[in-house]
Amino acid sequence: QAIPSVPVPGPVLGVSLQPVSGGLFVLTVVPGGAAATVGVLADDLIISANGRPTTSVAGLRDILRAVGAGGAVNLDIRRGEQQFSLAARLPPQS
């Protein structure tokens, strides 16, 4: 049974996510957002952020809040059979 997607606010990371087994599935990526800038794509799976498993959108929000505006978050991504890390810089407070 699918869980409804829960958007992480666009100004923070710029993705829409759905919790799935193994991480957070990227439904959409906002062009020009922090995630898009470093190469996160729709259909990627975010398996951890700053070394902490991403099992819920709320958990990812907590990690992003701890990093703070203008900070960098390391995202571990699974894309098909590949697994790699990307460092996204969060936008400064406006």
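Residues numbered from 1 in each chain as written. Predicted model: local features only at pLDDT ≥ 70, side-chain atom pairs only at ≥ 80, totals over all residues. Heavy atoms only, no water.

**Q** Quick rundown of the pattern of salt bridges? Include the residues and the values.
**A** All chains considered together, the criterion is met by 2 salt bridges. Note that Asp 44 and Arg 79 form a salt bridge whose closest N and O atoms lie 2.7 Å from each other. Of this pair, Asp 44 sits in the loop between helix 1 (34–38) and strand 4 (45–49) while Arg 79 sits in strand 6 (residues 72–79), and the two are 35 residues apart along the sequence. What makes Arg 79 partly exposed here is its relative accessible area of 27%. The shortest N-O distance in the salt bridge between Asp 62 and Arg 65 comes to 3.0 Å. Of this pair, Asp 62 and Arg 65 both sit in helix 2 (residues 57–67), 3 residues apart, which is roughly one turn of that helix. The class for Asp 62 is partly exposed, based on a relative accessible area of 41%. (Salt bridge = Lys/Arg side-chain N within 4 Å of Asp/Glu carboxyl O. Helix = DSSP H or I, 4+ residues; strand = E, 2+ residues; numbered from the N terminus. Buried < 20%, exposed > 50% of the residue type's maximum accessible area, 1.4 Å probe, protein only.)

**Q** Quick one: what's the story with the nonpolar core, residue by residue and with numbers?
**A** Judged by nonpolar contacts, the single largest core of 20 residues is most densely connected at Leu 13, Leu 17, Val 40, Ile 46, Leu 60, Val 73 and Leu 75. Put simply, the parts of the chain that give this core at least two residues each are strand 2 (15–20), strand 3 (23–29), helix 1, strand 4, helix 2, strand 6 and strand 7 (82–89). Looking at this core element by element, the count peaks at 4 residues for helix 2. The contact partners of Leu 75, leaving out residues within four places of it in the chain, are Leu 13, Val 40, Ile 46, Ser 48, Ala 49, Phe 84, Ser 85, Leu 86 and Ala 88. (Core = buried A, V, L, I, M, F, W, Y, C linked by side-chain atoms within 4.5 Å. Contact = heavy atoms within 4.5 Å.)

**Q** A description of the pairing of strand 7 should follow, citing residues and the corresponding values.
**A** Both faces of the sheet carry side chains from a regular strand, because those side chains alternate between them. Here strand 6 runs beside strand 7; their pairing, made up of 8 bridges, is antiparallel. Pairing of Asn 74 across the sheet is with Ala 87, part of strand 7. Between strand 6 and strand 7, which follow one another and run antiparallel, lie 2 residues, and Gly 80 among them has a positive phi close to 60°. (Pairing = 2+ DSSP bridges.)

**Q** Give me the lowdown on the pairing of strand 4, citing residues and values where you can.
**A** Counted residue by residue, strand 4 has 5 buried out of 5 residues, so it is predominantly covered. Taken together, the 2 bridges between strand 3 and strand 4 define a ladder with antiparallel strand orientation. In the sheet register, Phe 25 faces strand 4, and the bridge partner there is Leu 45. Two strands pair when backbone bridges link them, and strand 4 and strand 6 are joined in this way by 4 bridges, in the antiparallel orientation. Looking across to strand 6, one finds that Ala 49 is bridged to Leu 75. Relative to strand 5 (residues 52–53), strand 4 runs antiparallel, the two sharing 2 bridges. Bridge pairing in strand 5 links Ala 49 to Arg 52. Between strand 4 and strand 5, which pair antiparallel in sequence order, lie 2 residues; one of them, Asn 50, sits at a positive phi of approximately 50°.

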